[in-house]
Amino acid sequence: MTHPFLDLAPLSAQHFAAIEARVARLLGTGQDVVIMQGEALLPLEGCIRSAARPGTTALNVITGPYGQTFGNWLRDCGADVVDLAVPFHTAVTAEQVRRALAERPEIDFVSLVHAEAATGNTNPVAEIGAVVREHGALFMLDAVASVGAEPLLPDAWGVDLCVIGAQKAMGGPAGVSAVSVSERAWQRIAANPRAPRRSYLSLLDWKERWIDAGRKALLHAPAQLEMLALEACVERIETEGLDALMARHATAAAATRAGALALGGGLRPYVHEAADAAPVATTLRAPEGVDASDLVAAALAADPVLPLVAGGGALAQEMIRVNHYGPDATRGVVHASLAALGAALGEAGVTVDLEGARRAVTDAWS
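Quantities reported herein were computed from a predicted structural model and do not represent experimental measurements.

## Comments concerning the sheet that holds strand S12 (residues 308-310)
Alright, step 1. What the four strands build is an open sheet, ordered S10-S11-S13-S12; its pairing is antiparallel. The two strands at the open ends of the sheet, each matched to only one other strand, are strand S10 (268-269) and S12.
Alright, step 2. Here S12 pairs with strand S13 (residues 319-322) via three bridges, running antiparallel. The residue of S13 that forms the bridge with Ala310 is Ile320.
Alright, step 3. Lying on the sheet, helix H9 (residues 242-263) is in contact with S10, strand S11 (282-285) and S13; it crosses S11 at an angle near 15 degrees.

Here is the structure:
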C-alpha cells in the first residue's frame, strides 16, 4: 500500500540546497544559511555553544522566557553573563542596550529575542542592531516568532546569527529550522576550541562538510517530510507575498487588541503599549478575580481548535494568549477567539460587550 507521506523519492543534496536558497531569499540575506534538522531550539543552542566560551562577556537581553534560557546556556559555556531584564509587558530599548554596553565595554556577544510569543512583546531590532554594531559585539537574534509576521532584515540590521523557525507566522513545520551566519560569526566560531564538532549542535560541521564542500553531500539523511513542508510553506509565502503576509499579521494583532478592549469586563492587553506588542500573538490580562487557565479551558471547551493558551508558569493564572499567526492570522479566527473568551467570561458572571468586540474587530480589518 502507498501513502502520500511514505515511499517518497529521496531528497537530494541539490533539492536541499534549493530549499536553503529560498529561505535565504525570504530573509533577504547574502550570508550563509544553514537549515538544521530539528526544532529551533537546536540552532539557538548551537549558536550559543559555538560562539561562547570562557572569556566571553555576554549581554543577554531578557524580555521573556527564551531570554532566560539563553542566559543559562551562556553560563554553561563559561561566559560572564550580564542580564538586561525588562518587565514582560514592555520592550527593551536601544538606549537601555547602549547603557549596558557602556557599563561593560568588554561585552563581545549580545543575545536578543525579536518577538516573544510567550509574553506578546517585540523588540526594536533595527535600532538595537545599530548600537551593537557600533560597540563591535557579535549579535545573535532569535527571530523564530517574528519571521513572516514583521520586518526582519538580518544583513541591514547587523545580525550575525539569525535563527528562524517555520512553525509560527510562516505557517510551516516545527521539525526544521534555519540560521543565517555572518562571516565574522564563522570566524568567531572557528576560533572557539569549545565549539561543537561532530555533533548535531555543530554549525562548523555544516560549514566545513556542506557549504565549503559545495553543497554536494548532506551530513546525514534529511528530515524529508519536514523539508518538503518547509519548501511548501515558503512557496505559499512567495505566492501571497511577504508584505501581504506581514500586513495580515499586523491587522490580526490590531484587531485582537481593539476587540479585547471593546469586550470589556476587565480584560485588557498584557503589553501596555501597542507599539511594543508582537504581531504574532496578543497577550491579555485576565479580569480581577478570574483565573486565566480556567477561562481558557472554558473557551476551548466550546471550540477546541481556537488558538488560545493560558500563560506559562507563574503567568498561568493571569495571562491569556491569542496566537493569531500563520493560517490563524484571519478575521474569522480573531472573531471566534474573542467571542469564545466573551462567552466564558459571561459564564463566570462578568459583564462583557460581545457586539462591541465584534464591531471593533470588523473595523480594524476594514
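## Concerning the packing of aromatic side chains
Alright, step 1. Under the criterion given, the structure shown has four aromatic pairs.
Alright, step 2. Taking the centre distance of 5.5 Å and the plane angle of 80 degrees together, the rings of Phe16 and Trp210 count as edge-to-face. Placement of Phe16 in helix H1 (residues 13-27) and of Trp210 in helix H7 (residues 203-211) is noted, with a sequence separation of 194 residues between them.
Alright, step 3. The interplanar angle of 25 degrees and the centroid separation of 6.0 Å between the aromatic rings of Phe70 and Trp73 together place this pair among those described as stacked.

## Details of the packing of H1 against helix H8 (residues 224-240)
Between two packed helices, what matters for the description is the angle formed by their axes and the separation of those axes.
Alright, step 1. Put simply, H1 and H8 touch, their axes get as near as 10 Å, and they point 40 degrees apart. Relative to H8, H1 is oriented so that their crossing is left-handed. Here His15, Phe16, Ile19, Arg22, Val23, Arg25 and Leu26 of H1 lie close against H8, whose contacting residues are Met227, Leu228, Leu230, Glu231, Val234, Glu235, Ile237 and Glu238.
Alright, step 2. Of the residues assigned to the contact of H1 with H8, the class counts are nine nonpolar, one polar and five charged.

Quick notes on the rules
- Residues numbered from 1 in each chain as written.
- Predicted model: local features only at pLDDT ≥ 70, side-chain atom pairs only at ≥ 80, totals over all residues.
- Heavy atoms only, no water.
- Pairing = 2+ DSSP bridges.
- Helix = DSSP H or I, 4+ residues; strand = E, 2+ residues; numbered from the N terminus.
- Contact = heavy atoms within 4.5 Å.
- Axes fitted to C-alpha atoms, helices over the stretch in contact; angles between N-to-C directions.
- Phe/Tyr/Trp six-rings, centres within 6.5 Å; stacked < 30°, edge-to-face > 60°.
- Left-handed = near helix turned anticlockwise from the far one by under 90°.
- Nonpolar A, V, L, I, M, F, W, Y, C, P; charged D, E, K, R; others polar.

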